[in-house]
Amino acid sequence: IVISASHNPYYDNGIKFFSAQGTKLPRSVEEAIEAQLEEEMTTVDSAALGKAIRVADAPGRYIEFCKSTVSSDMILNGLKIVIDCAHGATYHVAPSVFRELGAEVVEIGVEPNGLNINLDHGALHPALLQQQVLVHQADLGIAFDGDGDRVVMVDHDGYILDGDELIYIIAKHDISNQSWQGGGVVGTVMSNLGLEQALGKLGIEFLRVPVGDRHIMSALKESDWHLGGEPSGHIVCSHVALSGDGIITALQVLSAMQDEKRTLAEIRQGMHKYPQVLLNVPVLGGRGSVEKPVITATIKQVEQALGQSGRVLLRSSGTEPVIRVMVEGENTAQVEALAQQLAQVVQEAHG
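Quick summary incoming for the structure in this document.

Quick notes on the rules
Residues numbered from 1 in each chain as written. Predicted model: local features only at pLDDT ≥ 70, side-chain atom pairs only at ≥ 80, totals over all residues. Heavy atoms only, no water. Helix = DSSP H or I, 4+ residues; strand = E, 2+ residues; numbered from the N terminus. Rg over C-alpha atoms; globule rule 2.2 N^0.38 Å. Contact = heavy atoms within 4.5 Å. Areas by Shrake-Rupley, 256 points an atom, 1.4 Å probe, with all protein chains shown as cover. Lys, Arg positive; Asp, Glu negative; His and termini not counted. Charge placed at Lys NZ, Arg CZ, Asp CG, Glu CD. Axes fitted to C-alpha atoms, helices over the stretch in contact; angles between N-to-C directions. Left-handed = near helix turned anticlockwise from the far one by under 90°. Nonpolar A, V, L, I, M, F, W, Y, C, P; charged D, E, K, R; others polar. Patch = residues over 30% accessible without salt bridge, like charges linked within 9 Å, V, L, I, M, F, W, Y side chains within 5 Å. Salt bridge = Lys/Arg side-chain N within 4 Å of Asp/Glu carboxyl O. Pairing = 2+ DSSP bridges. 1 Å grid on protein atoms, 1.4 Å probe; cavity = no way out; pocket = protein on both sides within 12 Å on 5 of 7 lines; lining within 4 Å. Points joined across faces, edges and corners; volume = space filled by probe spheres on them.

## Some details on the overall build of the protein
Summing up its helical and strand segments, the protein has 11 helices and 14 strands in all. Taking 20 Å as the expected radius of gyration for a compact globule of 351 residues, we find that the protein reaches 21 Å, a close match to that expectation. Sequence separation of 24 or more characterises 64% of the internal contacts of the protein that already satisfy a separation of 6 or more. Carbon together with sulfur atoms contributes 51% to the accessible area of the protein, which is approximately 17900 Å² in total. A gap of 2 Å separates the mean positions of the 25 positive and 44 negative side-chain charges of the protein.

As C-alpha cells, then:
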C-alpha cells in the first residue's frame, strides 16, 4: 500500500494498492475495498494490532534489482548524468543506481519535505533538467515523477525525449540485438502518430488503448507482448517488471546507447514526431461532455482540415475537472490554430 501524489502536487496524495506480484489491483477489487471503507468498522485494543516490520535493506535490494534488468557488463564510466528525482520516491535510490554503474551523477530534486513533491521538478517540469544538463555540460539528463513510474530524458543538446521516443529507442534496440520477443507495442490514444509510423517501418505492430497504465497492462497481457507506454513517460517493460518503473526504463535506454556506442541525440533518430498540441479546458461543476452537437460538428470540421495526416482527440479527464483537447498534424501553425478553435468551442459549450 503506497501513499503517493503520483505526478501531482502534495495535496493530491492518495492511496495506491499493488498485488503481491507488483501489479495494480483489478477495478473490481478496488471497488470492493472502497465499499468496505464506507461501512462501519470493528476496532480492537491497540495491543492487538500487531507490529510494523521495517525491511532495513530494502533500498539495497531494489538497487540490485534495477541493475539486474540490464546486462552485467553494462558500465556507464565516462558518462555525466543529471538526475531529477522530483523530490519524490526515487530521491534516495535513483542516484545510487547510476553511480554504482559508473556514471558521474549530478542530483537535483532530492530534498523531499512532504510538500514539494513534483514542485517545478521532475518529468512534468523538465525545463530545469534541460537547463542543468547544459550548465553541467552533461551527456544526458533523466527526470522522474513523484512516485517514480514516469521518466523523460534530455540529450546533451537540451532536447527533451518523451515516452514515445523512449519506447521507439527500446524497441529499435531490441530488434537490432535480436532480443525482441515478437508481437507489437501497446500505446494509447495520445501516442504520437510518428511513433506508430516508425514502429511500422521496423515491422512492429502498434495497438492503441485508452489512456492509463491499467489498459496498457491489460493489452500486454492479452496479447502476450512486453513493451507499452504513454507519451508521459509511463512505460512498462513487462519482461523485467510488471508495472511502470522510470529507473528501469532509463536503464533500457542507456543499455541501447552503450550497445550501439551512440549518444542519446543520435540514438533517437529515425522517428519523426508530428506536432501535437494538448489543451486542458476547465469544466465548471466537474466532468464535462464531449458529445454536445456543437463540439462534434467542430471536430468533424477540424478532421476535414487535417485530412489523412492528422488526428483529433477529446476526452474528459479522469483526475481533474477538465476536458483534454488534442490536435496532431504535419503543420505546427495549423495544429495550434485548430486546437485553440476547438478548445474555445468546448469552453463555450460548457460556459
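## Describing the packing of helix 2 (residues 58-68) against helix 8 (residues 246-260)
Each packed pair of helices is defined by two parameters, the angle between the axes and the distance between the axes. Packing of helix 2 against helix 8 leaves a shortest axis separation of 9 Å and a crossing angle of 35 degrees. Our pair here, helix 2 against helix 8, has a crossing hand that is right-handed. Contacts between helix 2 and helix 8 involve Tyr 62, Phe 65, Cys 66 and Lys 67 from the former and Ile 247, Ile 248 and Leu 251 from the latter. Broken down by class, the residue content of the contact of helix 2 with helix 8 amounts to 6 nonpolar, no polar and 1 charged.

## Considerations on a negative patch on the surface
Taken together, the side chains of Glu 31, Glu 34, Glu 38 and Glu 39 present a region of like negative charge at the surface. One can find Glu 39 in the loop between helix 1 (27-37) and helix 2.

## Considering the sheet that holds strand 11 (residues 235-237)
What the 4 strands build is an open sheet, ordered 9-8-10-11; its pairing is mixed. A strand with exactly one partner marks an edge of an open sheet, and here the two such strands are strand 9 (205-209) and strand 11. Averaged over all neighbouring strand pairs, the angle between strand axes comes to 15 degrees, with direction disregarded. As paired elements, strand 8 (residues 184-188) and strand 10 (residues 227-229) share 2 bridges and run parallel to each other. Its bridge partner lying in strand 10, Val 185 is registered against Leu 227. Each of strand 8 and strand 9 touches helix 6 (residues 193-201); the most contacted strand, strand 9, lies at about 155 degrees to it.

## A closer look at the layout of surface pockets
Empty space within the second largest pocket amounts to approximately 1200 Å³. As for the second largest pocket, its lining consists of 40 residues, and the residues nearest its centre are Val 2, Phe 18, Tyr 62, Ala 89 and Asp 147. Where the lining of the second largest pocket is concerned, the elements lending two or more residues are strand 1 (2-4), helix 2 and helix 8. If you tally residues by element for the lining of the second largest pocket, the top one is helix 2, at 4 residues. Here the residues of the lining of the second largest pocket are counted per class, giving 19 nonpolar, 15 polar and 6 charged.

## Here's the deal with the sheet that holds strand 6 (residues 151-155)
Strand order in the open sheet formed by 5 strands is 4-3-5-6-7, and the pairing between neighbours is mixed. The two strands at the open ends of the sheet, each matched to only one other strand, are strand 4 (104-108) and strand 7 (160-161). Across 2 bridges, the pairing between strand 6 and strand 7 is antiparallel. For Val 154, the partnering residue across the bridge sits in strand 7 and is Ile 160. Packed onto the sheet, helix 8 meets strand 3 (80-84), strand 5 (140-144) and strand 6 and runs at close to 160 degrees relative to strand 5.

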